[in-house]
Amino acid sequence: MAAPMELKCWGGDWGLPSVHPESLTVMAYAKFSGAPLTVNIISSSWKASKGDIPVLISEDKVISQPAKILNFLRKQKYNADYELSAKQGADTLAYIALLEEKLLPALLHTFWIEAENYCSVTKPWFASRIAFPLSLYLPGKMSREALNRILLTKGGPPLYSVTEVEAQIYRDAKECLNLLSKRLGTSQFFFGDTPTTLDAFVFGFLAPIYKVCFPRVQLQEHLKQLPNLCRFCDDILTCYFRLSVSGHSPAGQDTADANLQKLTQLVNKESNLIEKMDDNLRKSPQHPPRKLTTLKLAAGGEESSPFNRLSP
Amino acid sequence: AAEPWPENAALYQQLKDEQILLSDNASSLAVQAFLQMCNLPIRVVCRANAEYMSPSGKVPFIHVGNQVVSELGPIVQFVKAKGHSLSDGLDEVQKAEMKAYMELVNNMLLTAELYLQWCDDVTVEEITHPRYGSPYPWPLNRILSYQKQWEVKRKMKAIGWAGKTLEQVLEDVDQCCQALSQRLGTQPYFFNKQPTELDALVFGHLFTILTTQLITDELSEKVKNYSNLTAFCRRIEQQYFEGHDKDSSTIAARSAKKSLLR
């Protein structure tokens, strides 16, 4: 019903549709609310832009921050929150603030400031996605902005340098992850069975931590100890983004396949043995023929709730 | 074992009548409310250089025994280590909610107050600059003021608020108040029967916004739209601040503030 909308954002890797938390948030929300977005991934042939990413372009309007983009989508009647009560809407705002204050600094630090991570993973990845002269400048600029943000919001006398703030922000981030895990508990999404804005934001922030392979991964290790959050990310990836089941990189997928094959062979051997035993038993008049167990390959967990419904 | 709370615990803030600004007053009131709710006596000491005395550069800070702790978060933890806590009765999910709402207040209300004080030109000229440096002689007062303004503007730019207009900031305040109002509902406190540090923080900010005179009344109008929030502030004021004759009495502060600020 609305004019076609186009979303420019960073691309994905490691099984994610996007590596950038804010882009991921917008993409997830679009999937949850059924908004028809054409996603335009920034590539090296794309011309330079000066705005923030992600950017939504619809007719003549250019909207840049995730909160504003989500607002715009809601006004276009793509609303993932219409079943929420007023209190739940308030909770959404509060938890988003918690994410931004407590988790985002550590996320930025892991991506952009931790020297090993930045030099070996982040910078080459982003530089390879941007056209030549800009690729020398833009990653550095993003790194400096991240550092600035952390120092200005978290550091202050006597914590002037990043190393002193580091311990504090990782502590805060781990506490935030624990709080999120407690809040999620055993339910499918944060507010029941259907995903909402809060799920989009949490997914946007957690999935990069969870999936991107860095050399220094203290936050990822902490996250992996919270199985309900990992399950939350995996569910959204398989149901809404139709990616491979485990979302591993190709090498990982091969080893998983090899393991699976070995298991299949083992079980088939067992079933052969059982057949033989069965034949022996049939000679003596007792048991009815036993059913053979077959190995069921785990299919991608199909979500029962429809994911492309539009709000009235 | 918890050490006893000393008699001479003191809370330091800037000079109440001439110097202190909206955001600092809100933070200070939040800490005072929290300590009152814990039944821990504290006297308020006003010093012009309170910001520089503070270990983290932010006011208020408390001086208890031989320790100095600043800002509400660390103060809550410090008080907890001494054996007093308001949020022990909450379960895990409620504690998560409480922390989330405290971050919401810090993220939106406090930042909006800072924006209004330091990035809105009219307010800066007429209120902030004269007040902030008032204890000091010229040119020091202007230099300190500009320095602080530059710092705050840098922070706003880093978190993406520099591009916002005043209307957008007021809208954010409205959204935040709406969320708080919906969460509070008809209960006396945010977690029903007992006040927690969240109540102290919300009271500090909302009460200050309601009782501080600025250039226009837009900010306090946003809060007044939600009657349960104003009732909440009045209730806490009556319960924890009335009957005190000390400096920290907000009734006296309220009338004092209304007459100045020009």
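Details of the structure are given in the entry above.
One structure accompanies this document, and this report is about it. (Residues numbered from 1 in each chain as written. Chains lettered and ligands numbered in written order. Predicted model: local features only at pLDDT ≥ 70, side-chain atom pairs only at ≥ 80, totals over all residues. Heavy atoms only, no water.)

## A word on the overall build of chain B
Scanning chain B from N- to C-terminus turns up 11 helices and 4 strands. Counting only C-alpha atoms, chain B reaches 50 × 40 × 35 Å along its principal axes. Within chain B, the fraction of its 262 residues that count as buried is 55%. Accessible area for chain B stands at about 11600 Å²; split by element, carbon and sulfur atoms hold 49% of it. Averaging the coordinates of the 27 positive side-chain charges in chain B and doing the same for the 31 negative ones gives two points 2 Å apart. (Helix = DSSP H or I, 4+ residues; strand = E, 2+ residues; numbered from the N terminus. Buried < 20%, exposed > 50% of the residue type's maximum accessible area, 1.4 Å probe, protein only. Areas by Shrake-Rupley, 256 points an atom, 1.4 Å probe, with all protein chains shown as cover. Lys, Arg positive; Asp, Glu negative; His and termini not counted. Charge placed at Lys NZ, Arg CZ, Asp CG, Glu CD.)

## A word on the side chain of Ser23 of chain B
Summarising the element assignment, Ser23 of chain B is placed in helix α1 (residues 22-37). Here Ser23 of chain B falls in the buried class, since its relative accessible area comes to 4%.

## Re the state of the cysteines
In total, this model carries 0 disulfides over all chains according to the counting rule given. Not part of a disulfide, Cys230 of chain A finds its nearest cysteine sulfur in Cys233 of chain A, a span of 6.8 Å. Residue classification places Cys230 of chain A among the buried positions, given a relative accessible area of 8%. Looking at the unpaired Cys119 of chain B, the closest cysteine sulfur is the one in Cys176 of chain B, lying at 18 Å. A relative accessible area of 17% places Cys119 of chain B in the buried class. (Disulfide = S-S within 2.5 Å.)

## Observations regarding the packing of helix α4 (residues 92-119) of chain B against helix α8 (residues 197-211) of chain B
All names here are of chain B. Taken N-terminus to C-terminus, the directions of α4 and α8 make an angle of 20 degrees; their axes are 10 Å apart at the nearest point. Taken as axis vectors, α4 and α8 run roughly parallel relative to one another. Seen from above, α4 lies across α8 with left-handed handedness. Across from Met98, Tyr101, Met102, Val105, Asn106, Leu109, Leu110 and Glu113 in α4, the residues of α8 making contact are Glu197, Leu198, Leu201, Val202, His205, Leu206 and Ile209. For the contact of α4 with α8, the residue count by class is 11 nonpolar, 2 polar and 2 charged. (Axes fitted to C-alpha atoms, helices over the stretch in contact; angles between N-to-C directions. Parallel < 35°, antiparallel > 145°, perpendicular 65-115°, else oblique. Left-handed = near helix turned anticlockwise from the far one by under 90°. Contact = heavy atoms within 4.5 Å. Nonpolar A, V, L, I, M, F, W, Y, C, P; charged D, E, K, R; others polar.)

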